[in-house]
Amino acid sequence: MVMLDFISIGEVMIQLNSLTPGPLRYARYFEVHVAGAEANVMIGLSKLGYKTGLITRVGGDEFGELIIRTLRGEDVDVSQVKVMEDAPTGIYFIQRHYPIPGKSTVFYYRHGSAASHLNEEDVNEEYVKRARAVFLTGITPALSKSAYNACKKLYNLAREYKLDIIFDTNIRMKLWKTPENARSGLKLFLEGLKILFTNKEDLKILFPENTMEEAVKELLGTGIDYIVVKMGEEGSKAFTADGVEIYEKAVTMPFVEDVIGAGDAFDAVFIASIYRGLGVEKALRYANIAGALAVTVRGDIEAQPTWRVLELMDKYLREKMEFLR
Ligand code: KDG
């Protein structure tokens, strides 16, 4: 069995991204992409030289075939991908720049999809124990009770075998339905983490009584090494167990095509940079660059950077700052 650096569990879908901005009722052309938060992060890490794998289910249809080919093409291990003949591959649509210019809205058609049937049997102990780290998000546990149990098994195995656990809260209210469901569903996954990615809105759902600073303090108390709060156009903050707090301004791009997937590109680069020993400041800087690059294209994975692109962009942005000074 292969030895992998990072593994994850989650749904990969076909993304139908409207070619024209504005309300979908007027959209006539959609572009096909392959995306899903956990797959996006595995692909992002793969582009940065890490060996990754994904546990998932796809339908026995053409879309499932496309997903498997895409994962393979991006060098993500697909040995734990099951093809289900009696359930479809999930799809979703993206509406861009409406109602708010610069923002996108997601419409899911994933209920009853193959990946919503993920269950504990899909999590193979032999596969998990060979990995170095496990990446989980708050999306997969919201897909169904059985998918929740699969995530719980993966999380518990990771703890048992002392693998690093990285979690992105990624609360999708369209899936959880109520903040209470999200809060009670996700509490279990917040202990013993190496890295926690979150945002202000998710922290408010998870810790309704606390300010962001109080929530971060409480989480750091559970032994998390790094907490990263992604704030979109406002930049991002990283907090470490040894008391370091860093703020990095967002990198603004001259145009925005589609913001969906920026957070995943951010995660992949932050994780890769930490594991490469670049330090938290550089990790945050590179992650912001990756998030900014992701919004310049439709699709989540297409603009994810290599190290060379990160170095180039970093240099370009610094020179631009010097020039403007
Ligand atoms: O982070 C981007 C993802 O949210 C998007 O690609 C779709 O995976 C997705 C989801 O479940 O929302």
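Computed from a predicted structure; not experimentally measured.

What follows is about the pairing of strand 13 (residues 236-240). Among the 5 residues of strand 13, 5 are classified as buried, and the element is accordingly described as predominantly covered. Here strand 13 shows a buried face lined by Ser-236, Ala-238 and Thr-240 and a second buried face lined by Lys-237 and Phe-239. In this structure, strand 12 (residues 226-230) lies alongside strand 13, joined through 5 bridges in antiparallel fashion. Its bridge partner being in strand 13, Ile-227 is matched across the sheet by Phe-239. Taking the residues that link successive antiparallel strands as the turn, the strand 12-strand 13 hairpin has 5 residues, and the phi of Gly-232 there is positive, at about 55°. Pairing geometry for strand 13 and strand 14 (residues 245-248), over 4 bridges, is antiparallel. Of the residues in strand 14, the one forming a bridge with Lys-237 is Tyr-247. What sits between strand 13 and strand 14 in their antiparallel hairpin is a turn of 4 residues, with Gly-243 showing a positive phi close to 90°.

Going through the model one piece at a time under the given rule, you end up with 20 salt bridges. Put simply, Asp-122 and Arg-57 hold a salt bridge, and the shortest N to O gap is 2.9 Å. Here Asp-122, found in the loop between strand 8 (104-109) and helix 3 (125-129), pairs with Arg-57, found in strand 4 (residues 52-59); they are 65 residues apart in sequence, far enough to count as distant. A single burial state applies to Asp-122 and to Arg-57, both of which are buried. The shortest N-O distance in the salt bridge between Glu-257 and Arg-298 comes to 2.7 Å. Taken as a pair, Glu-257 in the loop between strand 14 and helix 9 (262-275) and Arg-298 in the loop between helix 10 (280-294) and helix 11 (307-324) lie far apart in primary sequence, 41 residues in all. Overall, Glu-257 belongs to the partly exposed group, its relative accessible area being 21%.

What counts, and where the lines are drawn
- Residues numbered from 1 in each chain as written.
- Predicted model: local features only at pLDDT ≥ 70, side-chain atom pairs only at ≥ 80, totals over all residues.
- Heavy atoms only, no water.
- Buried < 20%, exposed > 50% of the residue type's maximum accessible area, 1.4 Å probe, protein only.
- Helix = DSSP H or I, 4+ residues; strand = E, 2+ residues; numbered from the N terminus.
- Pairing = 2+ DSSP bridges.
- Salt bridge = Lys/Arg side-chain N within 4 Å of Asp/Glu carboxyl O.

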